[in-house]
Amino acid sequence: MSRAPSRPYHGHYHMSSTRSLLSRAAYWAAFGSAAAIVFSIAVSNILLVLALILLLVSGERLRLPPIRWQLGLFFLGTLISLLASVQPSLANPQIRKFFCFLTLLTVFSTFRGLKDAHLLVAVWSVLATASAILSFVQFSNKMAAASRLGQNFYEYYVGERTTGFMSHWMTFGGQEMTVLLLLTGLLFFAALSTRLRIACGAMAVVMAVGIALGLTRSIWLGTAGGGVYLLWHWKRWLILTAPIVVGVIFLVAPSSVRERLVSAFRPHGEVDSNMHRVVTWRTGLEMIKAHPLLGLGPEQVNRQFKKYVPADLPQPLPTGWYGHLHNIYLHYAAERGIPTMLMLVWMLVTIIWDFARAAARLPPASDARFFLFGAVAAVIAIMITGLFELNLGDSEVLIMFLATVACGYTVVEEASAEGKVVNA
């Protein structure tokens, strides 16, 4: 039997006009916060605080999705690690990051299902397309700058990549990847008019080109992994064409894209981060060996990094950022302990399981499948990208991820309430 929803659908509420007005205002503040993260974290945070205040004043019940246990244990492990740290006072940045998780609370408490999720994907798609178009302008400007300085474009660009509306290429790539996969889910599984399908397809192409020109290999891998999942559930025979598609892209892509693909196996010395990541990963393993249960404590990885660098690694260390371990699993295990890291993995796997199972139980004609399949693809992509970057430590990527998860659970809840979920 499907689980009964914990609240009635939005249209069944009997509230005073004032409370209804406040509830709608809370919804739009939460919606605006989630949407704004594509172009401004400051605007997003202001609206997030406003959404929480309006929720409290309206008397609306505050709710979290069914991953509350995993999330609570992750928070608890973080706090225990902090208290056991040699410098607890320095962990404030990580404690402040808990603020981002209010997105999960506000979105799940105000959104009512597929219609709201659909609208958010539409707004994200328009904004992410605009961000990608801006990245094309940035790419052109960087080509001109490299030429003007007489530098090799690839060597100049890898350290100065396009960022769209964001301040870093990893943030830009993580957001574009998430929205592209959700939009692709819409294209594959939702009933769309021809005009809307063409518009969505055009936006997907623009985002895909933006990701390609971003030259962020982990984003490429994550997007490919999520894309394979979507193809498997749409027309799995198309997966067989993947090698041909990669070959065509390799032939027609700009030389910088081809060089970046090859760099996974033949890096351009320290220009590419291959050796740098080996250093961070091996150092992280040493930290975990020394502190397996509680880790070094929040914000201690960067401060104690040199202490744990294996002696056999060459000095000076390769060029790169050593403020974190460029792997969410190693980083959280080294910073907060293996048990806390496993709580994060448990949460991610639970989200995939819940959404995939609900999608499998929906009728083939149900549009709700688009968001659930797209959300699973996005989480898979986040997990793959997390092998090479601390992506969930990035507030902009984290907030978009949390909004996606909250929307997914409202879609599952709505489908269950309306009897659309069939028994497996």
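Quantities reported herein were computed from a predicted structural model and do not represent experimental measurements.

Cut-off values and rules
- Residues numbered from 1 in each chain as written.
- Predicted model: local features only at pLDDT ≥ 70, side-chain atom pairs only at ≥ 80, totals over all residues.
- Heavy atoms only, no water.
- Core = buried A, V, L, I, M, F, W, Y, C linked by side-chain atoms within 4.5 Å.
- Buried < 20%, exposed > 50% of the residue type's maximum accessible area, 1.4 Å probe, protein only.
- Contact = heavy atoms within 4.5 Å.
- Helix = DSSP H or I, 4+ residues; strand = E, 2+ residues; numbered from the N terminus.
- Polar contact = N/O pair within 3.5 Å; in protein donor to acceptor, adjacent residues only side chain to side chain.
- Disulfide = S-S within 2.5 Å.
- 1 Å grid on protein atoms, 1.4 Å probe; cavity = no way out; pocket = protein on both sides within 12 Å on 5 of 7 lines; lining within 4 Å.
- Points joined across faces, edges and corners; volume = space filled by probe spheres on them.
- Nonpolar A, V, L, I, M, F, W, Y, C, P; charged D, E, K, R; others polar.
- pLDDT = per-residue confidence, 0-100.
- Lys, Arg positive; Asp, Glu negative; His and termini not counted.
- Salt bridge = Lys/Arg side-chain N within 4 Å of Asp/Glu carboxyl O.
- Patch = residues over 30% accessible without salt bridge, like charges linked within 9 Å, V, L, I, M, F, W, Y side chains within 5 Å.
- Areas by Shrake-Rupley, 256 points an atom, 1.4 Å probe, with all protein chains shown as cover.

A word on the nonpolar core
For step 1, the next point in the chain: Of all hydrophobic cores here, the largest spans 117 residues; its most connected members are Leu120, Trp124, Ile351, Phe371 and Phe401.
For step 2, the next point in the chain: Once you skip the residues sitting within four places of it in the chain, Phe401 turns out to touch Leu348, Ile351, Val379, Ile382 and Leu392.

Describing the side chain of Ser273
For step 1, the next point in the chain: Among the structural elements, Ser273 can be located in the loop between helix H12 (255-262) and helix H13 (274-290).
For step 2, the next point in the chain: Among the polar contacts made by the side chain of Ser273, one reaches the side chain of Arg217 at a distance of 3.3 Å.

Observations regarding the state of the cysteines
For step 1, the next point in the chain: Counted according to the given criterion, the structure contains 0 disulfides.
For step 2, the next point in the chain: Cys100 takes part in no disulfide bond, and the closest cysteine sulfur to it belongs to Cys407, at a distance of 16 Å.
For step 3, the next point in the chain: The buried category is assigned to Cys100, whose relative accessible area is 5%.

Thoughts on empty space enclosed by the protein
For step 1, the next point in the chain: Counting across every chain of the model gives 6 cavities of 30 Å³ or more.
For step 2, the next point in the chain: For the largest cavity, the calculated volume is near 120 Å³.
For step 3, the next point in the chain: Along its surface, the largest cavity is lined by Phe74, Gln94, Lys97, Phe98, Phe101, Tyr332, Arg336, Leu344, Met347, Leu392, Leu398 and Phe401.
For step 4, the next point in the chain: At the level of elements, helix H15 (328-336), helix H16 (338-361) and helix H18 (395-417) are the ones that each hand at least two residues to the lining of the largest cavity.
For step 5, the next point in the chain: Tallied by class, the residues present in the lining of the largest cavity amount to 9 nonpolar, 1 polar and 2 charged.

Quick word on the confidence of the model for the chain
For step 1, the next point in the chain: With 94% of its residues at a pLDDT of at least 70, the chain reaches an overall mean of 91.
For step 2, the next point in the chain: Here residues 1-15 is a poorly scored stretch, pLDDT under 50, and it has 30 contacts once near neighbours within four places are set aside; other chains count.

Focus: the environment of Val49
For step 1, the next point in the chain: With respect to the helices and strands, Val49 occurs in helix H2 (residues 41-58).
For step 2, the next point in the chain: Val49 sits in the partly exposed class, given a relative accessible area of 37%.
For step 3, the next point in the chain: Taking the C-alpha atoms as reference, Val49 lies 35 Å from Val205; in sequence the two are 156 residues apart.

As for the side chain of Glu176
For step 1, the next point in the chain: Within the element layout of this structure, Glu176 appears in helix H8 (residues 169-189).
For step 2, the next point in the chain: For the buried Glu176, no salt bridge is present, and the opposite-charge side chain at shortest range is Arg161, 15 Å distant.
For step 3, the next point in the chain: Beyond its immediate sequence surroundings of up to four residues, Glu176 is in contact with Ala128, Ser131, Ala132, Met207 and Ile211.

Some points on a nonpolar patch on the surface
For step 1, the next point in the chain: A contiguous nonpolar patch, built from Trp69, Leu73, Leu76, Ile80, Leu293, Leu294 and Trp346 and spanning about 720 Å² of accessible area, is present on the exposed surface.
For step 2, the next point in the chain: If you tally residues by element for the nonpolar patch, the top one is helix H3 (residues 68-84), at 4 residues.
For step 3, the next point in the chain: By the element assignment, Trp69 lies in helix H3.
For step 4, the next point in the chain: The exposure class assigned to Trp69 is exposed, which follows from its relative accessible area of 64%.

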